Amino acid sequence: MRRGRRLAVDVGDARIGVASCDPDGVLATPVETVPGKDVPAAQRRLAQLVQEYEPLEVLIGLPRSLSGGEGPAAAKVRSFAERLAALVGPVPVRLVDERMSTVTAAQSMRASGVSAKKGRSRIDQAAAVVILQSALEAERGSGQPPGHSV
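As the structure is a computational prediction, the values presented were derived from the model and not from experiment.

(A) Representation of the pattern of salt bridges within the structure. Overall, the coordinates contain 10 salt bridges when judged by the stated rule. Of the charged contacts, one joins Arg 2 and Glu 57 as a salt bridge, the two residues approaching to 2.7 Å between their closest N and O atoms. Note that Arg 2 is positioned in the segment before β1 (6-11) and Glu 57 in strand β4 (residues 57-62), a separation of 55 residues in sequence. Note that Glu 70 and Arg 64 form a salt bridge whose closest N and O atoms lie 3.4 Å from each other. Connected through salt bridges with shared partners, the residues Arg 2, Arg 6, Glu 57 and Glu 139 form a single ionic network.

Right under this line is the structure:
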């Protein structure tokens, strides 16, 4: 397992969730929700977070269908990731499978007693935590960086 903090990003049309982990890659925690409607402003904020957190890499959730295919949402995220990679280089940006991350996050929040209305502003952060925790577990299991490089 490589040592170093990572940032995970859950890209949505309205909001972008961000999570981080400790340098040992043990615990993923929410960072913030970035407004997503103004994409250039959102990317500038993400670049600021990269400067602040100095991560080993940025992991962006790639939405795929349950069968593994990619649709319009995946194409949008790929484009977002390419633009972000140009902004934050030389910090690597990697795309990781995020199937079911928002569903898993919503279930966890409901189970802990957070209502859908109150949780709306935090669901994207929680999804980013799920993406990051999954990527950390994948790297721990395989010894290889998760996903693929942008």
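From this point, the discussion proceeds with the structure in view.
(B) Seen up close, the sheet that holds β4. The 6 strands are arranged β3-β2-β1-β4-β5-β6 in an open sheet whose pairing can be described as mixed. Strands at the two margins of the open sheet, each flanked by one partner only, are β3 (28-35) and β6 (148-149). Note that β1 and strand β2 (residues 15-21) share 5 bridges and pair antiparallel. Each residue of the ladder has a partner; that of Asp 10, found in β2, is Gly 17. Packed onto the sheet, helix α1 (residues 39-53) meets β1, β2, β3 and β4 and runs at close to 150 degrees relative to β3. The strands touched by helix α2 (residues 72-88) are β1, β2, β4, β5 (93-97) and β6; relative to β4, the strand with the most contacts, the crossing angle is about 170 degrees.

(C) Local environment of the pairing of β5. The element β5 is largely enclosed, with a buried count of 4 among its 5 residues. Strand direction decides the pairing type here: β4 and β5, joined by 5 bridges, are parallel. Bridge pairing in β5 links Ile 60 to Leu 95. With respect to chirality, the unit in which β4 leads through α2 into the neighbouring parallel β5 is right-handed.

(D) Molecular detail of helix α5 (residues 123-142). If you check α5, its first and last C-alpha atoms are 28 Å apart, about what 20 residues at 1.5 Å a residue would give, namely 28 Å. Within α5, burial applies to Ile 123, Asp 124, Gln 125, Ala 126, Ala 127, Ala 128, Val 129, Ile 131, Leu 132, Ala 135, Leu 136 and Glu 139. A positive backbone phi angle near 80 degrees is found at Gly 143, which sits one or two residues after α5.

(E) Spotlight on the side chain of Glu 98. With respect to the secondary-structure elements, Glu 98 resides in the loop between β5 and α3 (101-111). Judged by relative accessible area, which is 10%, Glu 98 ranks as buried. For Glu 98, the residues in contact, after removing those within four places along its chain, are Asp 10, Gly 61, Leu 62, Pro 63 and Ile 131.

(F) Examining unusual backbone geometry more closely. Geometrically, the link from Gly 89 to Pro 90 is a cis peptide bond, its omega value of 15 degrees lying close to zero. Topologically, Pro 90 is positioned in the loop between α2 and β5. Positive phi outside glycine occurs at Glu 54, with the angle close to 50 degrees. Relative accessible area serves as the criterion here: at 66%, Glu 54 is assigned to the exposed category.

(G) Just empty space enclosed by the protein, in detail. Following the criterion strictly, the structure yields 1 cavity of 30 Å³ or more and no others. For the largest cavity, the calculated volume is near 30 Å³. In this structure, the largest cavity is lined by Leu 7, Val 9, Val 18, Leu 46, Leu 49, Val 50, Val 58 and Leu 84. Those elements giving two or more residues to the lining of the largest cavity turn out to be β1 and α1. Residues of the lining of the largest cavity, tallied by class, amount to 8 nonpolar, no polar and no charged.

Criteria and cut-off values
Residues numbered from 1 in each chain as written. Predicted model: local features only at pLDDT ≥ 70, side-chain atom pairs only at ≥ 80, totals over all residues. Heavy atoms only, no water. Salt bridge = Lys/Arg side-chain N within 4 Å of Asp/Glu carboxyl O. Helix = DSSP H or I, 4+ residues; strand = E, 2+ residues; numbered from the N terminus. Pairing = 2+ DSSP bridges. Contact = heavy atoms within 4.5 Å. Axes fitted to C-alpha atoms, helices over the stretch in contact; angles between N-to-C directions. Buried < 20%, exposed > 50% of the residue type's maximum accessible area, 1.4 Å probe, protein only. Right-handed = clockwise from strand over helix to strand, strands pointing away. Expected span 1.5 Å × (residues − 1). 1 Å grid on protein atoms, 1.4 Å probe; cavity = no way out; pocket = protein on both sides within 12 Å on 5 of 7 lines; lining within 4 Å. Points joined across faces, edges and corners; volume = space filled by probe spheres on them. Nonpolar A, V, L, I, M, F, W, Y, C, P; charged D, E, K, R; others polar.

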